[in-house]
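What follows is each chain in one-letter form.
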Amino acid sequence: MTERQQTRSALDPTPLLRLITAYWESRTLFTANRIGLFEALAKEPLSLEAVAAALNTRPRPTRLLLKACIGLGLVVEDADGFRNSPLAQVFLTPGTEAYLGNAIRYSDNLYDTWGRLEQALREDRPPLAQETYLGVDPEKTCQFVYGMHNRALGIGKALVTLVDLSGRRRLLDIGGGPGTYSALLTAKFPGLKAQVLDLPEVVAIAKEIVAGMGATERVSCLPGDYLKTAFPGGNDVVLISGVLHRETEETCRALIERAKASLEPGGLLILSDVFTDAGGGTPAFAALFGLNMLLTAPNGGVHADADVAAWLTAAGCKDITTRPFPPPLPHRVVWGTV
Ligand SMILES: C[S@@+](CC[C@H](N)C(=O)[O-])C[C@H]1O[C@@H](n2cnc3c(N)ncnc32)[C@H](O)[C@@H]1O
């Protein structure tokens, strides 16, 4: 056997076969979430006919969808009919604390955009204008902000265990989106007040979310553009979360410099995001996230945590620390003090 033949027989095509149909699974979840399957099954088991009536769908295809969802571990069937699996009941039923339906809806909205990856590669321009979900289209903006909120509820709970803000009083949350992190951090660390700087249409929704979390007294909102608006000074913590992946290295470094200048001596600069390892190809999720950002933001991509740490050092920060979020979260946090 030649070396090439040996290599070929030793290789298992299973990973490729999984990749070829991976989108079937996403699309099934997106559609079930969008048409309200998990909401319909949340209270009691339903017959096929009752599910089809609740969703305004036809019974034959609805049966196929239900069986596919059983295969994906989202639905179970017994003598009483179809009901949500524990996984779907906890994460896909509207109104639950861990609800991910809005975040799924955001990915669902991006599905067609991913179909234009080749175009983005040829033009180096996102097929989806970011203004669409950052203010211009009120419905998409609302879904984006609530999707960020759903995600941030989970990620933010991990962040509050990773950073110690005891004794800190004034947090500036740059590109703070729904304000969820600020609400969670100010709840965990007594005496801390936060300001969320984000685009006007986004902070309008953030105010609702912050009020819903009972945090209006602790979290205020500052409408603005982080590229142009002067950062308020006197902070002892600045958080830049989920922002660096939208920006070039040059802009990231400029944001770090300006954030640092807004901090009091001893202040803490926290940069949280999806970061790759040095080299950029791992973890796979982070590298793919770079493509997602290529498709959705003019300068979108992904940075390596080691690069971000080097930018903090170059900006004069000290005690640089990098920590991964607990699995399965793909995020990492890098911080330094001034
Ligand atoms: C992925 S979200 C991160 C939100 C939040 N910090 C989090 O981690 O959940 C990026 C945020 O940056 C905001 N953003 C993008 N460009 C901006 C700009 N030029 N000025 C202010 N905010 C901006 C978006 O509105 C969005 O809320």
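All values reported here derive from a predicted model rather than from experimental measurement.

Trainee: Is there a simple way to think about the state of the cysteines in this case?
Mentor: Think of a disulfide as a covalent bridge from one cysteine sulfur atom to another cysteine sulfur atom. Using the criterion set out here, one finds 0 disulfides in the structure. Free cysteine Cys 221: the closest other cysteine sulfur is in Cys 142, separated by 14 Å.

Trainee: In this structure, what is going on with the nonpolar core? I would like to understand it.
Mentor: Within soluble globular proteins, side chains that are nonpolar tend to cluster in buried spots. Grouped together as the largest cluster of nonpolar side chains are 30 residues, with contacts concentrated most on Leu 159, Leu 165, Leu 185 and Ile 270. Elements supplying a minimum of two residues to this core: helix H10 (138-162), helix H11 (180-188), strand S4 (193-198), helix H12 (200-212), strand S5 (219-223), strand S6 (235-241), strand S7 (263-276) and strand S10 (331-337). Here this core gets 6 residues from one element, more than from any other, and that element is H10. In this view, Leu 185 contacts Leu 159, Val 160, Val 163, Leu 165, Leu 171, Leu 192 and Leu 239; residues no more than four positions away in its chain are not counted. Ile 174, Leu 263, Phe 275 and Val 338 belong to the second largest nonpolar core, which has 25 residues in total.

Trainee: For this particular structure, what's the right way to read the site of the ligand?
Mentor: Taken together, 16 residues form the shell around the ligand, and within it Gly 175, Asp 198, Asp 225, Tyr 226 and Ser 241 come nearest. Within the contact set of the ligand, a nitrogen atom lies 2.8 Å away from a backbone nitrogen or oxygen of Gly 175. Asp 198 is positioned with one of its side-chain polar atoms (N or O) 2.6 Å from an oxygen atom of the ligand. Contact with the protein chains hides 91% of the accessible area of the ligand, taken as 590 Å² for the molecule alone. Residues of the shell around the ligand, tallied by class, amount to 6 nonpolar, 7 polar and 3 charged.

Trainee: What am I meant to see in the side chain of Asn 150 here?
Mentor: Positionally, Asn 150 belongs in helix H10. Take Asn 150: its relative accessible area is 11%, and that puts it in the buried class. When near neighbours in sequence (up to four residues on either side) are disregarded, Asn 150 contacts Tyr 99, Leu 100, Gly 101, Asn 102 and Ala 103.

Trainee: Can you walk me through helix H13 (residues 249-261) in this structure?
Mentor: Two residues of an α-helix separated by three or four positions point the same way, owing to the 3.6 residues in each turn. Taking 1.5 Å of rise per residue, 13 residues should cover 18 Å, and H13 covers 18 Å from first to last C-alpha, within 8% of that figure. Every buried residue of H13 is accounted for by Cys 252, Leu 255, Ile 256 and Ala 259. Angularly, the buried residues of H13 cover 100° about the axis, an arc narrow enough to put them on a single face. In this structure, H13 carries Glu 250 and Ala 261 as exposed residues pointing more than 90 degrees from its buried face. Against strand S3 (170-174), S6, S7, strand S8 (303-304) and helix H15 (305-314) lie the buried residues of H13.

About the cut-offs
- The numbering scheme is per chain: residues are counted from 1 as the chain's sequence reads.
- A pLDDT threshold of at least 70 governs which residues receive local features in this predicted model, and a stricter bar of 80 or more applies before side-chain atom pairs are shown or counted, although totals over entire chains, interfaces and linings include all residues.
- Hydrogens and water molecules were not included; the side-chain quantities draw on all heavy atoms of the structure.
- Disulfides are defined as pairs of cysteine sulfur atoms found within 2.5 Å of each other.
- By convention a nonpolar core is built from buried Ala, Val, Leu, Ile, Met, Phe, Trp, Tyr and Cys residues, the set being connected through side-chain atoms within 4.5 Å.
- The cut-offs for exposure are 20% and 50% of the maximum accessible area for each residue type, with area from a 1.4 Å probe on protein chains only; residues under the lower value are buried, those over the upper are exposed, and the others partly exposed.
- Each helix is a run of DSSP H or I of at least 4 residues and each strand a run of E of at least 2, with the numbering of both proceeding from the N terminus.
- The contact rule is simple, with two residues in contact once any of their heavy atoms fall within 4.5 Å.
- For this purpose, a residue is taken to be near a molecule or strand whenever a single non-hydrogen atom of the residue falls within 4 Å of it.
- Any pair of nitrogen or oxygen atoms within 3.5 Å is treated as a polar contact; in protein, a donor-acceptor pairing is required on top of that, and neighbouring residues in sequence qualify only through side-chain atoms on both sides.
- Areas reported as accessible are Shrake-Rupley estimates using a 1.4 Å probe. Residue values count occlusion only from the protein chains shown.
- Residue polarity is assigned by list, with Asp, Glu, Lys and Arg as charged and Ala, Val, Leu, Ile, Met, Phe, Trp, Tyr, Cys and Pro as nonpolar; anything else, Gly included, falls into the polar class.
- The span you would expect from a helix comes to 1.5 Å times its residue count less one.
- Working definition: the arc comes from the directions between the helix axis and the C-beta atoms, pointing outward to the latter.

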